Amino acid sequence: MSSRGESRTADDTLTHGGVEITAGRSVGTMNDDTAVAIGERLVGLSRNLGQEQRGLAILGEGNVSADCFDGTFLVKASGSSLARLEAGDLSRVRFAPILGLLERETVSDEEVQHELGASLVEAGHKKPSVETFFHAACLTEGGARWVAHTHAVAINQILCSARGAQPFLGHIFPDAIVVCGKVPAVVPYVDPGFPLASAVLAELRRYREVHDQSPRLLLMENHGAIALGQSAREALAITLMAAKWATLLHGTYALGGPRFLSAVDVERIDSRSDEHYRRRALSQDGPVETPQRAADASDDG
Ligand SMILES: [Zn+2]
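Residues numbered from 1 in each chain as written. Predicted model: local features only at pLDDT ≥ 70, side-chain atom pairs only at ≥ 80, totals over all residues.

1. Things to note about the overall build of the protein
Move 1: For the protein, the helix and strand inventory stands at 10 helices and nine strands.
Move 2: When the 301 residues of the protein are sorted by exposure, 45% land in the buried category.
Move 3: Put simply, 74% of the contacts in the protein that link residues at least 6 apart link residues at least 24 apart. (Helix = DSSP H or I, 4+ residues; strand = E, 2+ residues; numbered from the N terminus. Buried ≥ 20, exposed ≤ 12 C-beta atoms within 10 Å, placed from the backbone. Contact = placed C-beta atoms within 7 Å.)

2. Digging into the pairing of strand 9 (residues 224–229)
Move 1: The buried fraction of strand 9 amounts to six of the six residues, a majority that puts the element mostly inside the structure.
Move 2: As paired strands, strand 6 (residues 146–150) and strand 9 are joined by five bridges and run antiparallel to one another. Across the sheet, T150 pairs through a bridge with A225, a residue of strand 9.
Move 3: The pairing of strand 8 (residues 217–220) with strand 9 spans four bridges and is classified as antiparallel. The residue bridging L217 from the neighbouring strand is A227, located in strand 9.
Move 4: Following strand 8, the chain reverses through three residues before pairing antiparallel with strand 9; N222 in that reversal takes a positive phi of roughly 60°. (Pairing = 2+ DSSP bridges.)

3. Concerning the packing of helix 4 (residues 132–140) against helix 7 (residues 194–211)
Move 1: In contact at an axis separation of 8 Å, helix 4 and helix 7 are set at 15° when each is read in the N-to-C sense. Considered as vectors, helix 4 and helix 7 are oriented roughly parallel to each other. The element helix 4 and its partner helix 7 pack so that their crossing is right-handed. On the side of helix 4, the interface is formed by F133, F134 and A137, while helix 7 contributes F194, L196, A197, V200, L201 and L204.
Move 2: Looking at the contact of helix 4 with helix 7 residue by residue, the class counts come to nine nonpolar, no polar and no charged. (Axes fitted to C-alpha atoms, helices over the stretch in contact; angles between N-to-C directions. Parallel < 35°, antiparallel > 145°, perpendicular 65-115°, else oblique. Left-handed = near helix turned anticlockwise from the far one by under 90°. Nonpolar A, V, L, I, M, F, W, Y, C, P; charged D, E, K, R; others polar.)

4. Looking at helix 4
Move 1: Summarising burial for helix 4: nine of the nine residues are buried, a large majority.
Move 2: Taken together, the buried positions of helix 4 are occupied by T132, F133, F134, H135, A136, A137, C138, L139 and T140.

5. A word on the nonpolar core
Move 1: Grouped together as the largest cluster of nonpolar side chains are 76 residues, with contacts concentrated most on A137, V147 and A242.
Move 2: Apart from the residues lying within four places of it in its own chain, the contact partners of A242 are I155, C180, L217 and A225. (Core = buried A, V, L, I, M, F, W, Y, C linked by C-beta atoms within 7 Å.)

6. Considering the confidence of the model for the protein
Move 1: Chain-level pLDDT for the protein is 85 on average; 86% of the residues reach the 70-or-more range.
Move 2: Counted against residues more than four places away or in other chains, residues 5–30, with its pLDDT under 50, gives 53 contacts. (pLDDT = per-residue confidence, 0-100.)

7. Topic: the packing of helix 2 (residues 95–102) against helix 3 (residues 109–118)
Move 1: Running from N to C, helix 2 and helix 3 point in directions that differ by 160°, and their axes come no closer than 9 Å. The angle between the axes of helix 2 and helix 3 places the two elements in the roughly antiparallel class. Viewed along their axes, helix 2 and helix 3 form a crossing whose handedness is left-handed. Where helix 2 abuts helix 3, its residues P97, I98 and L101 lie against E111, E115 and A118.

8. Points about the sheet that holds strand 9
Move 1: Judged by pairing direction, the sheet is mixed, and its seven strands sit side by side in the order 5-4-3-6-9-8-7 without closing on themselves. Sheet topology places strand 5 (90–94) and strand 7 (185–187) at the edges, where each strand pairs with a single neighbour. The average undirected angle you get between the axes of adjacent strands in this sheet is 20°.
Move 2: The pairing of strand 7 with strand 8 spans three bridges and is parallel. Note on strand 8: the bridge partner recorded for V187 is M220.
Move 3: Set on the sheet, helix 2 makes contact with strand 4 (72–76) and strand 5; between it and strand 5 the angle comes to about 70°.
Move 4: Across the sheet, helix 8 (residues 232–254) touches strand 6, strand 8 and strand 9, and the angle it forms with strand 9 is around 145°.

9. Points about the environment of L49
Move 1: With respect to the element layout, L49 can be found in helix 1 (residues 32–50).
Move 2: The exposure class assigned to L49 is buried, which follows from the 26 C-beta atoms found within 10 Å.
Move 3: Residues L49 and T150, spaced 101 residues apart in sequence, show a C-alpha to C-alpha distance of 7.8 Å.
Move 4: Look past the residues within four positions of L49 in its chain and what remains in contact with it is L56, A57, G62, V64, L82, A148, T150, L236 and T239.

10. With respect to the environment of A199
Move 1: Topologically, A199 is positioned in helix 7.
Move 2: Note on A199: 18 C-beta atoms within 10 Å, which makes it partly exposed.
Move 3: Put simply, A199 and P188 are 11 residues apart on the chain and 8.5 Å apart in space, counted from C-alpha to C-alpha.
Move 4: With sequence-adjacent residues up to four places away left out, A199 is seen in contact with V187 and V190.

Right, dumping it as structure tokens:
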């Protein structure tokens, strides 16, 4: 079990919030008010991420998800925009069929599309994003409860460069250690959709094996970042701090390159009790301000 949230696999008993749920169980028995409340918070997270001036995502880029703690999760529907997300743009999906498919070596495009439709709790919901598969991996193996995926300009300028994710493997200032964790997980470029989700799942398992905990930040080279949060606030904070970190790195490369903190300094920040307190505060559920839905491009003028 990860030190950050619980974990589970497709074929075992899931434990979450002290509740045991077995794959293949019936779903929809949770208090639907809870799912509605989680959905509202997810809309808030999404619109925060979609704010244009933050440079994290444009058009249909990026997606968000959250665990409903009853064997289902909410994920952004295919084609919807982070900035303009409404509750109706969230699809509620069962973990079991998605995780079941993820354990397989090869899956056809037709099976992926079929399973995405078949995993819907309510057939009337919009089709979930094809990145639903890596969200399921992050919400289980990744120990996350809230997931934010963005294509931030500042981060991708580095992840799409000749250096790839390497500049993020050292630290240059303390806050990134506190908020984004001591070491990010990294996945090289993989075809988006099912193959990428398989690579993310493998990296989350490797990370846990090596670090004995789940990552807070996962970087996908030539693609973008995933924030793994225990709360919506934390998923937002990880994303914003990673984008700031990337912007600072750009500046350092213009001035002779980053001056990385020593391993001793990084370890010290990572283990300080006051920094643990900050992490705990971020991970606790709390209100996320829900910005106004951004106007459609067609609303202009
Ligand atoms: Zn993406």
